[in-house]
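# Chain and residue survey
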Amino acid sequence: MNIFFLPTLIFFSSSILLYFLYKHKSILIKTTYISGFIILLISDYGSFVFNNVSRNLGIQLSLDYNNKLILLFFFILSFITYTLFFRKKEKYFLMIFLILNGAIINFFQSRDYFNIYVSLELISMSLFLLVAYEKKVKMVWASLKYMIFSSVALNLYLISIAILYSNTGTLNLIENLAFDKPLFFQTFLVSSLLIKSGVFFLSGWVIDVQSYSTPGVSAILTGVVEKMGLWMLFLIFPSFNKGTIDFLLIFAIVTLFLSYTYLLFQNNIKKIFAISTMSQVSYGLLVIIFSREIFVYFFIYHMITKGFIFILVDKFFTEKRIITLEDLKRKIIRYDIYLMFFILIFNLTGAYPSILYIIKKNIELGFFLNIVLLLVGIFFEKIMDNIHIEEKYKKINHIIIPGLFLIIFINLYFQNIEIREILFGLVFLVVGALSYKFFKNKINLKEINIFSFTNNLIYILGFVLMIMIFELKGMI
Amino acid sequence: MNLYQILSFLVFIIGVFGVINQKDMILKLLNLGTIQSGVVLLFIAISYNGHSPIITPGIESYSDPLIHSFLLTVIVIGFANLSLMLVFVMILSSKIKTYQIDEIEKKIK
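Residues numbered from 1 in each chain as written. Chains lettered and ligands numbered in written order. Predicted model: local features only at pLDDT ≥ 70, side-chain atom pairs only at ≥ 80, totals over all residues. Heavy atoms only, no water.

### Some thoughts on the interface of chain A and chain B
Taken together, the 38 residues of chain A in the interface contact 38 residues of chain B. The interface formed by chain A and chain B includes zero salt bridges. Remark: the boundary between chain A and chain B carries four residue pairs in polar contact (both at pLDDT 80 or more). Looking at the side of chain A that touches chain B, the elements that each hand over two or more residues are α5 (113–131), α6 (137–168) and α21 (453–472) of chain A. A total of 20 residues in the side of chain A that touches chain B trace back to one element, the largest contributor, which is α6 of chain A. (Contact = heavy atoms within 4.5 Å. Salt bridge = Lys/Arg side-chain N within 4 Å of Asp/Glu carboxyl O. Polar contact = N/O pair within 3.5 Å; in protein donor to acceptor, adjacent residues only side chain to side chain. Helix = DSSP H or I, 4+ residues; strand = E, 2+ residues; numbered from the N terminus.)

This is the structure in structure tokens:
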């Protein structure tokens, strides 16, 4: 029998053991991570159903290349987060954190709609508690907002699986791919998953939760939890018809463009990165639509890049009370941190040679994505322009950064690959960056907020009604 | 779609409009409970065929028990969620001294 389901049980058991063995928490948690990682690493691909019943009736768990890779990287991110932020936390915080890890592993292995629902609820509830653990007003408010929107999303999810079960008689995800989708199933499922995904318009909670959560939690949130909806869409994508795919494509394009535009009106560092996560979710949707087989690499790329950005922000900014760009401007940052920021944020841009560029090549919207690079350039410069380093390192910086780009161009020249397209993208990025530098003192963009609580609910209701109408008219 | 299913959708929609319209946080949460009730009713309407969902020896007609076991889970999770939300509203109101959402948003800004 395959043992890939054991890491979930190990994390849940460790959580309970921690209550009694808190004095030995370090050994217990490290053993949990190491044993979970090794078991997952040596597990063979396969699937099984509890109690050996047919998969129509039982809960199916599965391990394949995609979820194994994601989970192995998740272990690394989670362990780093624990080591940097949570080592000295209280008993109950660590217990909840271990439960969160176990639930995340279960979510990725599960192939049953209801089991996925339970995992999602467990993950959400653990996060509600972790986000607001310090009980500061902003944290509690962010967590409450997250709870309410999560509750709405998961109720929509429940309606969709109720509709599905009444038509097909099974909640197995793989079995259901073959059936014709009943009316409104896609409406409710897609809406709920997009709300949980942290996509622009529907997920205003992302901005508050990432901005005000307990340091360290936002790395897990942005790295894994916000892309869980996308993972579900990735799993059920083969059952979507052309109308649904076209709808998702248009939605992804619109939200990608608008999220980068909205980002220009923000001054809070964590809010800027939260909105950039929203735009990356739109990229994720485009990757699923155009090149589903590379989605797992997008997931890992984004998990690591964004996870580490939030780790850096929490470690070096939030803990030192650097909240806004104005605060950032007044502080001197260590040069190694500056370089790490430069590389990680450049990796998010999608310009050559970032990892997103390689992923983006598979999306057939080259020209549009290059135009988006103009906005990305502004985002890039908005952060980097406000990070100041010590004078003695400025000279080194003036050699290292141009040197890096020189190496890239030499590499490009010898490889002789799509130079025109690459330069085209880089020009848009540089124009965006320069336009920020030129206009930053001339145009004062005031911070705006379109995601008040009520507004966000209205967007969700509007979105659900819109897809319902499309589905009724047979357009999706 | 039968009458009960339509009615459960109606309960759901009432809950959604309540969550949007109400300014008081407690009332918003109560309406979230209404949304959940709509969902639970929908599940029951789907599975109920005039018989009990308990499998008993000698009785061949029963409603789908699987759905009812799901419902127990949904109700328990919903209860836990709602309790947690109420606790958070309590913490907020003790610090901000209001339950009105507009005022909370204004003060937190």
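Text resumes after the structure shown.
### A few points about the nonpolar core
Grouped burial of nonpolar side chains is what soluble globular proteins tend to show. All names here are of chain A. Membership of the largest hydrophobic core comes to 216 residues, with the highest contact counts inside it found for Y113 and F341. Of all the elements, α6 adds the most residues to this core, at 20 residues. Y113 has contacts with Y157, I161, L164, L171, N172, L173, N176, F185, L189, M232 and I236, leaving out every residue within four places of it along the chain. (Core = buried A, V, L, I, M, F, W, Y, C linked by side-chain atoms within 4.5 Å. Buried < 20%, exposed > 50% of the residue type's maximum accessible area, 1.4 Å probe, protein only.)

### Overview of the packing of aromatic side chains
Applying the stated rule across the entire model yields 65 aromatic pairs over all chains. An angle of 75° between the planes, with centres 6.5 Å apart, marks the rings of Y165 of chain A and F70 of chain B as edge-to-face. Placement of the pair is Y165 of chain A in helix α6 and F70 of chain B in helix α3 (residues 65–96), with the two residues belonging to separate chains. The pair formed by Y165 of chain A and F70 of chain B is uniform in burial state, with each residue classed as buried. Considering the side-chain rings of F201 of chain A and Y459 of chain A, the 5.6 Å spacing of their centres and the 75° angle between planes classify their relative orientation as edge-to-face. Taken together, the positions of F201 of chain A in the loop between α8 (185–197) and α9 (205–212) and Y459 of chain A in helix α21 put the pair 258 residues apart, joining distant regions of the chain. Through a chain of ring-to-ring contacts, the aromatic side chains of F107, F108, W231, F234, F295, F298, F299 and Y301 of chain A assemble into a single cluster. Over the face of the ring belonging to F93 of chain A we find K89 of chain A, whose NZ or CZ atom lies 5.0 Å from the ring centre. Of note, K227 of chain A hangs over the ring of F299 of chain A, and the distance from its end group to the ring centre comes to 5.3 Å. (Phe/Tyr/Trp six-rings, centres within 6.5 Å; stacked < 30°, edge-to-face > 60°. Lys NZ or Arg CZ within 6 Å of the ring centre and 35° of its normal.)

### Details of unusual backbone geometry
The step from Y352 of chain A to P353 of chain A runs through a cis peptide bond, and the omega angle for that step is 5°. By the element assignment, P353 of chain A lies in the loop between α16 (335–349) and α17 (355–360). In this model, N51 of chain A sits at a positive phi of 70°, which is unusual for a non-glycine residue. Mapped onto the fold, N51 of chain A is located in the loop between β1 (46–49) and β2 (60–63). The exposed category is assigned to N51 of chain A, whose relative accessible area is 75%. Despite not being glycine, K97 of chain B shows a phi value in the positive range, around 65°. Structurally, K97 of chain B is set in the loop between α3 and α4 (101–108). Of the residues examined, K97 of chain B reaches a relative accessible area of 67% and is grouped as exposed.

### With respect to the confidence of the model for chain B
In the predicted model, chain B carries a mean pLDDT of 88, and 100% of its residues have values of at least 70. Interface confidence for the predicted complex, given as ipTM, is 0.93, next to a pTM of 0.93. (pLDDT = per-residue confidence, 0-100.)

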